[in-house]
Amino acid sequence: PAEKPAGASALTLTADLIDIFGTVQSGVSGTHGDGTTIAAPPNPNNPSSTVAFTADGFASVTLRSDGDIRFNREAAFVVPLDLSIEAAQLYPVSNQRGMLLAGFYSDNTGRTAWNPDASLVIRSNGHAAPMPDSVFGRLVMIAPTLDQGGIVRAPLGSIALNDSGGSGFLNWITTATLRTDITA
């Protein structure tokens with residue numbers, strides 16, 4: 001995950017329909033090398049180096065859909081601070097898993113942490129939301145503050161709030177530590 005953002009940066013994404021595939025996150029921390037290969041002979045005048053880098057995430061991310069927001073292919077949307085969602089409804093597609101994770105960031109030592117001031121806010125856009133053609137999906141929403149005022153569905157599946165969603169659910173998301181003892 002990214003480091004906790006400083007300032008009041010914001011990103012708003014607006015579309016008729018939003019499909020989230022795989023892991024999408026605001027910001028990133030990691031390392032990159034100088035392009036040398038392991039097989040290259042050592043050169044004391046030009047040693048191989050690894051450089052740490054950080055691209056802070058946005059302080060506020062808004063997803064605004066005129067229709068639905070769907071989660072597919074082990075979808076996870078991860079932000080280091082606040083996430084606001086406005087849609088007719090949110091749901092995982094058939095037999096898929098989806099996750100919304102707000103307030104999860106990497107501290108200055110590289111360890112993952114929770115920002116206790118972060119929030120996940122879900123609102124209806126006021127448009128009709130017929131039952132989706134989707135079954136057996138799982139949706140997890142985790143944040144220090146959850147404000148759910150929209151339509152969230154997982155027909156014949158499961159919805160978990162501030163919980164990992166069951167044994168093995170998080171194996172597909174590559175986060176070092178995920179605390180689920182946050183109260184909402």
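Small disclaimer: the values here were computed from a predicted structure and weren't measured.

Colleague: Even after reading the chapter, I still don't get the packing of aromatic side chains, so can you show me in this structure?
Modeller: The description of an aromatic ring pair rests on the distance of the ring centres and on the angle between the ring planes. Applying the stated rule across the entire model yields 1 aromatic pair. Their ring planes at 45 degrees and their centres at 5.2 Å tell us that F104 and W114 sit as a pair that is tilted. Taken together, the residues span a long stretch of sequence, with F104 in strand β10 (residues 104-106) and W114 in strand β11 (residues 112-114) at a distance of 10 residues. Classification of W114 as buried rests on a relative accessible area of 11%.

Colleague: Is there a simple way to explain the nonpolar core in this structure?
Modeller: In globular proteins that are soluble, nonpolar side chains generally tend to be buried together. In this structure, I69, L83, I85, L100 and L120 are the most contacted members of the largest nonpolar core, which totals 21 residues. At the level of secondary structure, the elements contributing two or more residues to this core comprise β2 (18-25), β5 (60-65), β6 (68-79), β7 (82-87), β9 (97-102), β12 (119-124) and β13 (138-142). Apart from the residues within four sequence positions on either side, I69 is in contact with I18, I20, L63, I85, A87, Q89, L90 and Y91. In terms of nonpolar packing, the next biggest core, distinct from the first, is built from 9 residues, V78, L101, V140 and I142 among them.

Colleague: What's the story with the pattern of salt bridges in this structure? I'm lost.
Modeller: Within this structure, the stated rule accounts for 4 salt bridges. A salt bridge links R70 to D19, with the nearest nitrogen and oxygen atoms 2.5 Å apart. Residue R70 is found in strand β6, and its partner D19 is found in strand β2; the two are separated by 51 residues along the sequence. For R97, the salt bridge is made with E74, and the minimal N-O distance between the two is 2.6 Å. Here R97, found in strand β9, pairs with E74, found in strand β6; they are 23 residues apart in sequence, far enough to count as distant. On the basis of relative accessible area, E74 is assigned to the partly exposed category, the value being 27%.

Reading guide: rules and limits
Residues numbered from 1 in each chain as written. Predicted model: local features only at pLDDT ≥ 70, side-chain atom pairs only at ≥ 80, totals over all residues. Heavy atoms only, no water. Phe/Tyr/Trp six-rings, centres within 6.5 Å; stacked < 30°, edge-to-face > 60°. Helix = DSSP H or I, 4+ residues; strand = E, 2+ residues; numbered from the N terminus. Buried < 20%, exposed > 50% of the residue type's maximum accessible area, 1.4 Å probe, protein only. Core = buried A, V, L, I, M, F, W, Y, C linked by side-chain atoms within 4.5 Å. Contact = heavy atoms within 4.5 Å. Salt bridge = Lys/Arg side-chain N within 4 Å of Asp/Glu carboxyl O.

Geometric descriptors of this kind do not, in isolation, establish any biological role.
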